[in-house]
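Summary of structural features
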Amino acid sequence: MTTIGIELLAAKPAPASPRRQALRAALGNPIGAIGAAGAVVLLFAAAFGPSLAPYDPLDQNILVRFAEPSAQHWLGADEYGRDMFSRILYASRASILIALSSVAVSLLIGVALGVVAAYRGGVLDALLSEAANILLAFPTVVVGILVLVSLGPGSANVVVALAISFIPRFIRLARAEALSIMQRNFVEAARAAGASGLRIMARHIVPNVIGTAIVSGALWTATALRAEATLSFLGLGVPLPWPSWGNLVADGMPNMFSNPELVLYPCLAIVFAVVSFNMLGDALRDYFDPRLAGR
Amino acid sequence: MSVSPPLLEVAGLTKHFGMSAGWFGSGQPPLRAVDGLAFTVRRGRTLALVGESGCGKSTTGRLLLRLIEATAGSVRFDGVEVLSAAGAELQALRRRMQIIFQDPYSSLDPRMTIGQILAEPLAIHAIGGRAERRDMVRAMLSAVGLAPEYADRYPHSFSGGQRQRIGIARALVLAPEFVVCDEPVSALDVSIQAQIVNLLKNLQRERGLAYLFISHDLSVVKHISDEVAVMYLGRIVEIAEKGRLYTAPQHPYTRALLSAIPVPDPRSQRRRMVLAGELPDARRPPSGCRFRLQCPFAQPICAEADPPLAPIASDHAVACHFAGRLSSIEAFPTTQTAAAGAVEPAPRPFPSSPRMEIHL
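The structure presented is a predicted model; accordingly, all values stated were derived computationally and were not measured. (Residues numbered from 1 in each chain as written. Chains lettered and ligands numbered in written order. Predicted model: local features only at pLDDT ≥ 70, side-chain atom pairs only at ≥ 80, totals over all residues.)

Once that is clear, we can look at the overall build of chain A. When helices and strands are tallied, chain A shows 10 helices and 0 strands. When its helices and strands are written in sequence order, chain A yields α-α-α-α-α-α-α-α-α-α. Taken along its principal axes, the extent of the C-alpha atoms in chain A is 90 × 45 × 30 Å. Intrachain contacts of chain A at a sequence separation of at least 6 include 71% that bridge at least 24 residues. (Helix = DSSP H or I, 4+ residues; strand = E, 2+ residues; numbered from the N terminus. Contact = placed C-beta atoms within 7 Å.)

Structure follows, in structure tokens:
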């Protein structure tokens, strides 16, 4: 038969799985690698911190009030003699859990709404886009304060507040990406094959949008960490006496001049987390789009 | 020519863009991308649709497959009206009518393996089980000259020509009877073009496919088509059996297109027909014959009456008032003898007027 064997052309010599290649590209970039390592440390602290912490973070011991760092208390103790190292470990769980879950919720809802808006178009698209634009007019912390004042403080409400602020950003991102992907012929090919709208969105559009959304999700996690710290600092976030990084800064404020390290440690933790997630964004971008690696 | 009943019968097919005026009303007349097309495609045969970019040929292909909705007209596929089909009827039609795209890069989903891409149409139509689909995909890959092992790879590890083979495989995996080939070789290197055209011809012979071959390249069309329809500004201006069209073109536009085909022999002397002016705005086509502003033979009647597409033989129809007697009219001096490879280019008669050569 003439059709076969015109040429069993060799494909380019890259049979290595594209995922592995992408991973190599992502970790080959030092900034990305540092960010990924920092994020792993933070996730580890959030997951296992409470079982590693030497003390109960709420245990008061008046004898070690304002203790200097020592073998017993690695980072010293606060004004009630609570172990700072244990408090920071516990705080990392609260802060990171809130940041990650608010971003995860916003990403899922925002990408779904954005893709549907792009695909269906018309009135639905107009409504969703306008609603997103209106919400985007408010800064994250202002939305947070408004929501928490009306719902009351608490960790779950912080997640809601941050999600309300982040969802429109993911809607806009996903909608724009989806519109450009819908121009590609493979979407037309799927329609020509009889694929339903749901199938096209789920199989073709979302998988091509999700990478970008995850990359910006890492960056929004850094913002969420800052916003959570701000809201908790204002007393609207994680309820006292439970520690979050924002609470710890607020706790240390009255004695900032005599014991600045009590404010410094949680601030360093926040800086470390924000920088790590920003750098992780770099690594994820290289992973999802290896063509941009190293730029 | 055998007299099998046509597989695809198109009548009065029309697409106007810009009809929904929006909130403030565009105030613009609609863009008549496709304006009352009629043609037929028979089983196992190829109708080529040629014309400049923007003449509506790609839109026509998409209208036939219901990838965009027509404004008016009728498309009958094997007796079934396509434009009004819905639900299961439309799904059944989609299985029988497929499309191959021009751009081999945007036509494959970069996040799916070749195997997944080829299996998707089968999954949509619930054909076979998982293992069966896998075998069908592998068989399809070898039918288009690719190794079955490529099923596990992603599109980015293939060249343009290989990707186009994958696009062909995806279109054919449902065993369709009719395939719209939308400029399938225009994005490929010339050396690869011949391979893909030959592949399409072989697959047509083996599977009895009917093609609508959309192209702007008359030299490619000559190799693959049985009939050729020439489009200008949303209309067919000439449609004929291939041999007649290439040897005895009747419409001045067809003549201009044919005279622009490059000839490999540098010593050959050819009459080169150069069209004046630009393609008119499809929102505001000229009165009478749409081609008259660019036509070197235009006469007063051309501004008054719109010539219908009228048969001049059983296998030849032309939309021109002067079909068959163009030679009796003296053309404007826009026809010039250009000796390819001549040292001095022929002086242009009206250097100030905008002119355009059709590059094919």
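Moving on, we get to the domain arrangement of chain B. Residues and elements named next belong to chain B. The assigned domain composition of chain B is domain 1 (6-225) and domain 2 (250-356). Taken together, the contact between domain 1 and domain 2 spans 10 residues of the former and 7 residues of the latter. Secondary structure elements with two or more residues in the side of domain 1 that touches domain 2: β2 (31-42) and α7 (218-224). Within the side of domain 1 that touches domain 2, the residues separate by chemical class into 5 nonpolar, 3 polar and 2 charged. (Domains from an automatic or database assignment. Nonpolar A, V, L, I, M, F, W, Y, C, P; charged D, E, K, R; others polar.)

Quick look at the sheet that holds β2(B) now. Residue and element names in this part refer to chain B. Pairing within the open sheet is antiparallel, and its 4 strands lie in the order β2-β1-β4-β5. The sheet is open, and its two edges are formed by β2 and β5 (80-81), each paired on a single side. The pairing of strand β1 (residues 6-17) with β2 spans 9 bridges and is antiparallel. Within β2, the residue paired with valine 10 across the bridge is phenylalanine 39. Contacts from helix α1 (residues 57-64) reach β1, β2 and β4 (72-77), with the element oriented near 65° to β2. (Pairing = 2+ DSSP bridges. Axes fitted to C-alpha atoms, helices over the stretch in contact; angles between N-to-C directions.)

Here the focus is the nonpolar core. It is characteristic of soluble globular proteins that their nonpolar side chains tend to be buried jointly. One finds A:Val115, B:Leu212, B:Ala229 and B:Val230 to be the most contacted residues of the largest nonpolar core, which totals 178 residues. The dominant element in this core, judged by the number of residues it contributes, is helix α3 (residues 84-120) of chain A, at 19 residues. Both domains that furnish three or more residues to this core are identified here as domain 1 (6-225) and domain 2 (250-356) of chain B. Other than its neighbours up to four places away in sequence, A:Val115 contacts A:Ala174, A:Ala178, A:Met201, A:Ile205, A:Val206 and A:Val209. (Core = buried A, V, L, I, M, F, W, Y, C linked by C-beta atoms within 7 Å. Buried ≥ 20, exposed ≤ 12 C-beta atoms within 10 Å, placed from the backbone.)

Our next topic: the packing of helix α6 (residues 155-182) of chain A against helix α8 (residues 197-233) of chain A. Helices that pack against each other are described as a pair by the angle of their axes relative to one another and the distance between those axes. Residue and element names in this part refer to chain A. Two elements in contact, α6 and α8, have axes separated by 9 Å at closest approach and are oriented at 155°. Considered as vectors, α6 and α8 are oriented roughly antiparallel to each other. The hand of the α6/α8 crossing is right-handed. Here α6 contributes Val158, Leu162, Phe166, Arg169, Phe170, Leu173, Ala174, Glu177, Ala178, Ile181 and Met182 to the contact with α8, which in turn contributes Ile205, Asn208, Val209, Thr212, Ala213, Ser216, Trp220, Ala224, Ala227, Glu228 and Leu231. Its residues placed into classes, the contact of α6 with α8 shows 16 nonpolar, 3 polar and 3 charged. (Parallel < 35°, antiparallel > 145°, perpendicular 65-115°, else oblique. Left-handed = near helix turned anticlockwise from the far one by under 90°.)

With that out of the way, let us pick up the sheet that holds strand β9 (residues 227-232) of chain B. Residue and element names in this part refer to chain B. What the 8 strands build is an open sheet, ordered β6-β7-β8-β3-β9-β10-β14-β13; its pairing is mixed. The strands lining the two open edges of the sheet, one partner per strand, are β6 (97-100) and β13 (310-313). Taking each pair of neighbouring strands and ignoring which way they run, the sheet shows an average axis angle of 20°. In the sheet, β13 pairs with strand β14 (residues 316-318) via 3 bridges, with the strands oriented antiparallel. From the neighbouring strand, alanine 313 faces β14, where its bridge partner is histidine 316. Sheet strands in contact with α1 are β3 (46-50), β6, β7 (178-182), β8 (210-215) and β9, and its direction is about 150° off that of β8.

A separate point is unusual backbone geometry. Residues and elements named next belong to chain B. The phi dihedral of arginine 66 is positive, around 60°, even though this residue is not glycine. We note that glutamate 183 has phi near 50°; this positive angle belongs to a residue other than glycine. Relative to the helices and strands, glutamate 183 resides in the loop between β7 and α6 (190-207).

Looking now at α1(B). In terms of residue burial, α1(B) counts as a mostly covered element, since 8 of its 8 residues are buried. Two residues or fewer after α1(B) comes B:Arg66, characterised by a positive phi angle close to 60°.

Our focus in this paragraph is the packing of helix α2 (residues 30-52) of chain A against helix α10 (residues 261-288) of chain A. Residue and element names in this part refer to chain A. Interaxial distance between α2 and α10 falls to 7 Å at its minimum, and their mutual angle equals 125°. With respect to their mutual orientation, α2 and α10 come out oblique. In this structure, α2 meets α10 at a crossing whose hand is left-handed. On α10, the residues that touch Ile31, Gly32, Ala33, Ile34, Gly35, Ala36, Gly38, Ala39 and Leu42 of α2 are Phe272, Ala273, Ser276, Phe277, Asn278, Met279, Leu280, Asp282, Ala283 and Asp286. Considered class by class, the residues forming the contact of α2 with α10 number 12 nonpolar, 5 polar and 2 charged.

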